[in-house]
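Now for the letters of each chain:
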Amino acid sequence: MSKPDTPYRKRALGNRPLSPETLAMSYGYDAKLSEGSIKPPIFQTSTFVFSSAEEGASFFRVMGGRAEEGDPATPGLMYSRFNNPNVEVIEDRLTVFEDADEACVFSSGMGAISTVLMAFANAGDVILQSTPLYGGTETLIRNVLPNYGVKSHDFVAGAPEAEIRQSLENAMKDGTVKAIYTETPTNPTNEVVDLELMKTLADELGERQGYRPPVIVDNTVLGPIGQKPLSCGADIIVYSLTKYVGGHSDLIAGAALGSSEYMKPVRKLRSAIGTNLDANTCWMLARSLETVTLRMKAAFENARKVAEFLNDHPKVERVRYLGFLEEGSRDHKVHTRQAGDYHGSTFSFDVAGGQKGAFAMLNALQVVKLAVSLGGTETLICHPGSTTHAGVDPELRKRLGFTEGMVRVSIGIEDPEDLIADFDQALSKI
Ligand SMILES: *Cc1c(COP(=O)(O)O)cnc(C)c1O
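Residues numbered from 1 in each chain as written. Predicted model: local features only at pLDDT ≥ 70, side-chain atom pairs only at ≥ 80, totals over all residues. Heavy atoms only, no water.

1. Considering the nonpolar core
Under the convention used in this document: In these notes, a set of buried Ala, Val, Leu, Ile, Met, Phe, Trp, Tyr and Cys residues joined through side-chain atoms within 4.5 Å is what counts as a nonpolar core. For each residue, the accessible area found with a 1.4 Å probe, counting protein chains only, is set against the maximum for its type, and the residue is called buried under 20%, exposed over 50%, and partly exposed in between. Strands are runs of DSSP state E lasting at least two residues, helices are runs of H or I lasting at least four, and both sets are numbered from the N terminus onward. What fixes the domain bounds is an automatic or database domain assignment. Every residue pair with non-hydrogen atoms within 4.5 Å of one another is taken to be in contact.
Ranked by internal contacts, the top residues of the largest apolar core, which has 33 residues, are Ile-90, Leu-94, Val-105, Leu-241, Leu-257 and Leu-285. Counting residues per element, the ones that place at least two in this core are helix H3 (85–98), strand S3 (102–106), strand S8 (236–240), strand S9 (254–258), helix H9 (279–289), helix H10 (292–311) and helix H11 (330–339). Residue contributions to this core reach at least three from each of two domains, namely domain 1 (12–287) and domain 2 (292–428). Excluding its chain neighbours within four sequence positions, the residues that come into contact with Leu-257 are Leu-94, Thr-95, Glu-98, Ala-100, Glu-102, Ala-103, Asp-235, Ile-236, Ile-237, Tyr-239 and Met-263. Counting residues in each nonpolar core, the second largest holds 27 residues, with Leu-168, Ala-171, Leu-201 and Ala-234 among its members.

Structure (structure tokens):
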């Protein structure tokens, strides 16, 4: 939706552009419309009253793409599957963090990912994906979308350019490539996908097949503080807001962001299939967004300390932390270009003694919680091989560098010395 330049959508103080951290407190919300309430109330309503029959008709014309002369630029509030004030506030604020034209929020990260892919790829089309992706996304692309005639080809995230280009050639033989879908850094192995190369491939596909596919990037693991994919070559960002953005392990939500042109079919499909987000969760997200920078920076700093401790520990074989990428390596160059000095707080490491060693440590931890998910205030740890990635083909797991003793940790904002003490005592139980 185009944004009229209303006072509550002002993004600058005179010539000074305001930071996302400042705008997170107020952007997109007009207190005067809600009795002066400093915070947006929760608009717990399914539908909205029209002021006249004509107004209702005009809103439906605008939303349906049949606007007539004199109709408003954007549809007013109609029905909460289509729009709602809490949805609009959080969508506006997310755009500020990613410098995107528009955002659409969804009932989950998977709701966002499936809606975006379905908006661009139809029966007979091909998705070119990097691998590994989040387990649910792998299942969606490899096992669900084929039931609807959508095909896919993959390349390993850290593969050399020639190998990626070979996958692209194979993909083109199978149909029109309608989307390039990636996730960087990869979860849980922290490999890096070069977004500039993805953009180049999309441009070349545009020339060769007459359709330029969008480059779609799952930015859940480093964003929105550590990495801004739209400035690195991506066209669309998808998120599990359940993770760092929600940040307190108490909600499930997702988002897609990009240009208005790209968000138009996504928003339309969301309204049609009902992958929208409820007002209460939007309100919680707006609250979370006020502290997302503080939380993520604190977690990143804690993660560095814990990673350094683990790296020196005799019972730990390999720590796949982004801060340990070899200087001068391809991954280091790409990672620095895309994320600067931000190394995130989710990484995996290999425990000595394989799965038996890993389980012994996991069962002994007392502060660190044994659970899937990531990006919460509390530190979570899991064994991907038997949980989040148990459904991934064992051959593929091997190709991706999974080991029996690999565990994934998401460092939170506790006192890092307590976390280190907990790992120290748990590792001594192996
Ligand atoms: C959790 C996660 C998802 C899925 O999000 P949900 O909110 O659980 O649906 C997608 N991508 C990544 C990288 C994730 O970590």
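More follows now that the structure is in view.
2. Notes on the sheet that holds strand S14 (residues 406–410)
For clarity, the cut-off: Strand pairing is assigned whenever DSSP detects at least two bridges linking the two strands. Whenever a helix is involved, its axis is fitted only over the stretch in contact; in every case the axis is a line through C-alpha atoms, and angles between N-to-C directions fall within 0 to 180 degrees.
Read from one edge of the open sheet, five strands run S10-S11-S14-S13-S12, paired in mixed fashion. The open sheet terminates on both sides in strands that have one partner only, identified here as strand S10 (316–320) and strand S12 (369–370). Pairing of S10 with strand S11 (residues 346–351) involves four bridges; the strand directions are antiparallel. Residue pairing across strands places Arg-318 opposite Asp-350, the latter belonging to S11. Taken strand by strand, helix H12 (residues 354–364) contacts S11, S12, strand S13 (380–382) and S14, and its axis lies near 120 degrees from that of S11.

3. Comments concerning the sheet that holds strand S7 (residues 215–218)
Strand order across the open sheet formed by seven strands is S3-S9-S8-S7-S6-S4-S5, with mixed pairing between neighbours. Pairing within the sheet leaves two strands with one partner each, and these edge strands are S3 and strand S5 (151–156). Taken over all neighbouring pairs, the strand axes of this sheet differ in orientation by 20 degrees on average, direction set aside. In terms of strand pairing, S8 meets S9 through five bridges, oriented antiparallel. Within S9, the residue paired with Ser-240 across the bridge is Gly-254. Its contacts with the sheet put helix H5 (residues 135–144) on strand S4 (126–131), S5 and strand S6 (177–183), and the angle it makes with S4 is roughly 145 degrees. Running at roughly 175 degrees to S6, helix H7 (residues 195–209) makes contact with S5, S6 and S7 of the sheet.

4. Some points on the side chain of Thr-95
Along the chain, the position of Thr-95 falls in helix H3. Those residues in contact with Thr-95 that sit more than four places away from it in its chain are Arg-11, Tyr-27, Ala-100, Asp-101, Glu-102, Ala-103 and Leu-257.

5. Thoughts on the packing of aromatic side chains
Rules: When the centres of two rings from Phe, Tyr and Trp lie within 6.5 Å, Trp using its six-membered ring, the rings pair. Their planes under 30 degrees apart give stacked, over 60 give edge-to-face, and anything left gives tilted. As a reminder, the over-ring test applies to NZ of lysine and CZ of arginine, requiring each to be within 6 Å of the ring centre and within 35 degrees of the ring normal.
Per the stated rule, a full pass over the model turns up eleven aromatic pairs. Note on Tyr-321 and Phe-347: the rings are 5.5 Å apart at their centroids and 70 degrees apart in plane angle, and the pair reads as edge-to-face. Taken together, the positions of Tyr-321 in the loop between S10 and H11 and Phe-347 in strand S11 put the pair 26 residues apart, joining distant regions of the chain. With respect to class, Tyr-321 is no different from Phe-347; both count as buried. Three or more aromatic residues joined by ring pairs form one cluster here, namely Phe-50, Phe-59, Phe-60, Tyr-79 and Phe-82. Of note, Lys-178 hangs over the ring of Tyr-211, and the distance from its end group to the ring centre comes to 5.3 Å. Cation over ring: Arg-270 sits above Phe-106, and NZ or CZ is 5.8 Å from the ring centre.

6. Structural notes on the domain arrangement of the chain
Quick reminder of the rule: Buried area: the sum, over both parts, of the accessible surface (1.4 Å probe) that disappears when the two are put together. Put simply, a salt bridge is a Lys or Arg side-chain nitrogen that is within 4 Å of an Asp or Glu carboxyl oxygen. Counting of polar contacts relies on pairs of N or O atoms within 3.5 Å, with two restrictions inside protein: one atom must be capable of donating a hydrogen and the other of accepting it, and residues adjacent in sequence are counted only when both atoms are side-chain atoms. Polar here means any residue outside two lists: the nonpolar Ala, Val, Leu, Ile, Met, Phe, Trp, Tyr, Cys and Pro, and the charged Asp, Glu, Lys and Arg; Gly therefore counts as polar.
Splitting the chain by domain gives domain 1 (12–287) and domain 2 (292–428). Taken together, the 39 residues of domain 1 in the interface contact 41 residues of domain 2. Counting each side, the surface lost to burial between domain 1 and domain 2 is near 3,200 Å², with a carbon and sulfur contribution of 59%. The three residues of domain 1 that bury the most area against domain 2 are Pro-188, Ile-225 and Tyr-244, which together make up 22% of that side's buried surface. Our enumeration of links across domain 1 and domain 2 arrives at two salt bridges. As a salt-bridge pair, Arg-337 and Glu-196 come within 3.8 Å of each other at their nearest N and O atoms. There are 16 residue pairs in polar contact (both at pLDDT 80 or more) connecting domain 1 and domain 2. If you list the elements that add at least two residues to the side of domain 1 that touches domain 2, you get H5, S5 and H7. Within the side of domain 1 that touches domain 2, the residues separate by chemical class into 17 nonpolar, 14 polar and eight charged.

7. Side note on the site of the ligand
To keep things clear, this is the line we draw: Neighbouring residues are identified by heavy atoms, a residue being near a molecule or strand if any of them is within 4 Å of it. Each accessible area is a Shrake-Rupley result for a 1.4 Å probe, and residues are judged covered by the shown protein chains and nothing else.
Around the ligand sit 14 residues, and of these Gly-109, Met-110, Asp-218, Thr-242 and Lys-243 come closest. In this structure, Gly-109 approaches the ligand through a main-chain N or O atom, which is 2.9 Å from an oxygen atom. Ser-240 is positioned with one of its side-chain polar atoms (N or O) 2.9 Å from an oxygen atom of the ligand. The fraction of the free accessible surface of the ligand (380 Å²) that becomes covered by protein chains is 93%. When residues of the shell around the ligand are assigned to their parent elements, the largest contribution, three residues, is made by helix H4 (residues 109–120). A breakdown of the residues in the shell around the ligand according to their chemical character gives five nonpolar, six polar and three charged.

8. Considering the state of the cysteines
Using the following cut-off: Disulfide assignment relies on a single distance test, namely cysteine sulfur atoms paired within 2.5 Å.
Scanning the entire structure with this criterion turns up zero disulfides. Of all cysteine sulfurs in the structure, the one in Cys-282 sits closest to Cys-104, which takes part in no disulfide; the separation is 12 Å.

9. A word on the side chain of Ser-410
Within the element layout of this structure, Ser-410 appears in strand S14. With a relative accessible area of 1%, Ser-410 lands in the buried category. Engagement of the side chain of Ser-410 in a polar contact is seen with the backbone nitrogen of Gly-375, the distance being 2.9 Å.

10. Section: the pattern of salt bridges
Scanning the model with the defined rule gives 24 salt bridges in all. Here Glu-138 makes a salt bridge to Arg-142, at a shortest N to O gap of 2.6 Å. With a gap of four residues between them, Glu-138 and Arg-142 both fall in helix H5, about one helical turn apart. Note on Arg-142: relative accessible area 31%, which makes it partly exposed. Because the salt bridges share partners, they merge into one network encompassing Glu-91, Glu-102, Arg-267 and Arg-270.

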